[in-house]
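This is what each chain is made of:
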Amino acid sequence: MQSRTDPTISLFDRLVAREEKRGLILVAFLRICMLAFILLLFSKPDSPTGTLYTLLEVLGWFIPGVFIQLLVAARGGKWVWLLYLLAVIDAGLIVYISVVPDPLNPLTNHPAWLYGFVVRDRGVVFSMIMMALVIMTFSPRLILWFGFWLLMAWVTAIVWLMHRPGVIISQHFGDDWNPTKQELIDTYNLPEFVDISALAEQVVIVVVFTLACAVMVSRLRVLINQFAAAERAHGNLARYFPIALADRLADRDEPIRVGERRECVIMFADIIGFSGFAEKRDPQDVMKFLNQFHQIATTQIGAYGGIVEKYIGDAVMASFAAFDDLPCPASNALCASQAIVSQVSEWQAREPADDGLPLRIGVGLNFGPAVVGDIGQREAVTPAVIGASVNLAARLERATRKLETDTVMSESFANQIRNESSVSGSVLLRHYQQHESIRVKGFSDPIPVLFHRDLEN
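Computed from a predicted structure; not experimentally measured.

Taken from the UniProt record, the annotation "transmembrane region" (unreviewed entry) applies to residues 24-42, 54-74, 81-100, 112-135, 142-162 and 196-217. Counting secondary structure, residues 81-100 comes out at 95% helix and 0% strand; the distance between its end C-alpha atoms is 29 Å. End-to-end, the C-alpha atoms of residues 196-217 are 31 Å apart, and along that stretch the chain is 100% helix and 0% strand.

Dropping the structure here:
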């Protein structure tokens, strides 16, 4: 467990350290629950092992372990070695109480049947329970460490059982012993008999279980690390691209497209008179103003399914249905433009920018074919939408000054709204009744457009 304040530690390591801390607190709580379980289930007055769990064992094992785990969870760092020491003690004591009839008097030669009774009564059950607790620490090294000492403790215990006076084990009969079925049953029913082979098999199962758990936790940490790296990469993408586009970039191993032709909506939104405003202002004030405008535009564009392609100074370029299949791109784009105009108007009414006079914006909307794909090479690659329809949308935005309106749309854009829904299209276009054919730079033929005359301005 590492220091949370060390700046050289990665985000993943800090997250793992936090989960290890939580795991230790959980294990400390479950350790107390295990104590209650053992006392209630096995401490029976009428049992030959009824005096097994005494106050001395409780104070000498469970309670200090709880405090050690809480100490490491709170302090970490140089106190981690206590967890490994506790694991060794746990492994030894778990096996100790699983094979010794009277832990307070281990050197006493008890009746042979009592050894068999204790081993059959408990076996490796306690070991499995303690292993489950160790797994919750989320530390592969601690799991393997505990598993190793658990194996050593059980090997020692098995050797010790084989040398107890009077205890009968299968190895005593030798390899030449071929019992009948009844002899085998009678032998297994002897209270002094301990099946060392079965006990050893159980220990091997515990060891295999330990290795599997260590590998599982290790793989889980790798997967979490990979997931954290992917989320971090996605978060970094989202800082420079809209979330919808960042999602698509994060899900792909290859470029988005290579020059795919798509029918889409292009929007340009620009602040009218911004150059004169910026010339008289401090650069920091200008940047603050731009960020406020960009926040309004980006929020509304994203709310209606659009993607901000780029910021060009005080202008914003956005696309609808260029990178995904948006059901009603033109209707959504018009709603987004109306929301931007409305929110900018409210903002400027509260905080007029140019010596008490509110700045206005112009929006150009066009629907048509565009080439969608990645441009650039190697590290300098960016998704882009290019084509004549993009240029036309930019020219329509500039035409808002001449036509004295805040929004100018091409006739193809208006037709697309009608095609998407004749009823809602009529409602959306009810204010855009002005028709005119205008000449724009780069286009030889006049462009028919729709707009509404802003009489107030």
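That was the structure; now back to the text.
For strand S3 (residues 260-272), a buried count of 10 out of 13 residues is recorded, marking the element as mostly surrounded by other parts of the structure. Two strands pair when backbone bridges link them, and S3 and strand S5 (residues 315-320) are joined in this way by 6 bridges, in the antiparallel orientation. Bridging across to S5, Ala 269 finds its partner in Val 316.

Turning next to the pairing of S5. Among the 6 residues of S5, 6 are classified as buried, and the element is accordingly described as predominantly covered. Side chains Ala 315, Met 317 and Ser 319 project from S5 onto one buried face, and the interleaved Val 316, Ala 318 and Phe 320 project onto a second face that is buried too. Bridging between strand S4 (residues 307-312) and S5 involves 5 bridges; their strand directions are antiparallel. By the bridge assignment for S5, Val 308 is matched with Ala 318. Where S4 folds back on S5, the antiparallel hairpin that results is connected by 2 residues, among which Gly 313 adopts a positive phi of roughly 65°.

A cluster of nonpolar side chains, namely Trp 145, Phe 148, Trp 149 and Met 152, defines an oily patch on the protein surface of about 360 Å² accessible area. Its relative accessible area of 42% is what places Phe 148 among the partly exposed residues.

Thresholds applied
- Residues numbered from 1 in each chain as written.
- Predicted model: local features only at pLDDT ≥ 70, side-chain atom pairs only at ≥ 80, totals over all residues.
- Heavy atoms only, no water.
- UniProt positions renumbered as here; feature names shortened; annotations may be inferred.
- Helix = DSSP H or I, 4+ residues; strand = E, 2+ residues; numbered from the N terminus.
- Buried < 20%, exposed > 50% of the residue type's maximum accessible area, 1.4 Å probe, protein only.
- Pairing = 2+ DSSP bridges.
- Patch = residues over 30% accessible without salt bridge, like charges linked within 9 Å, V, L, I, M, F, W, Y side chains within 5 Å.
- Areas by Shrake-Rupley, 256 points an atom, 1.4 Å probe, with all protein chains shown as cover.
- Salt bridge = Lys/Arg side-chain N within 4 Å of Asp/Glu carboxyl O.

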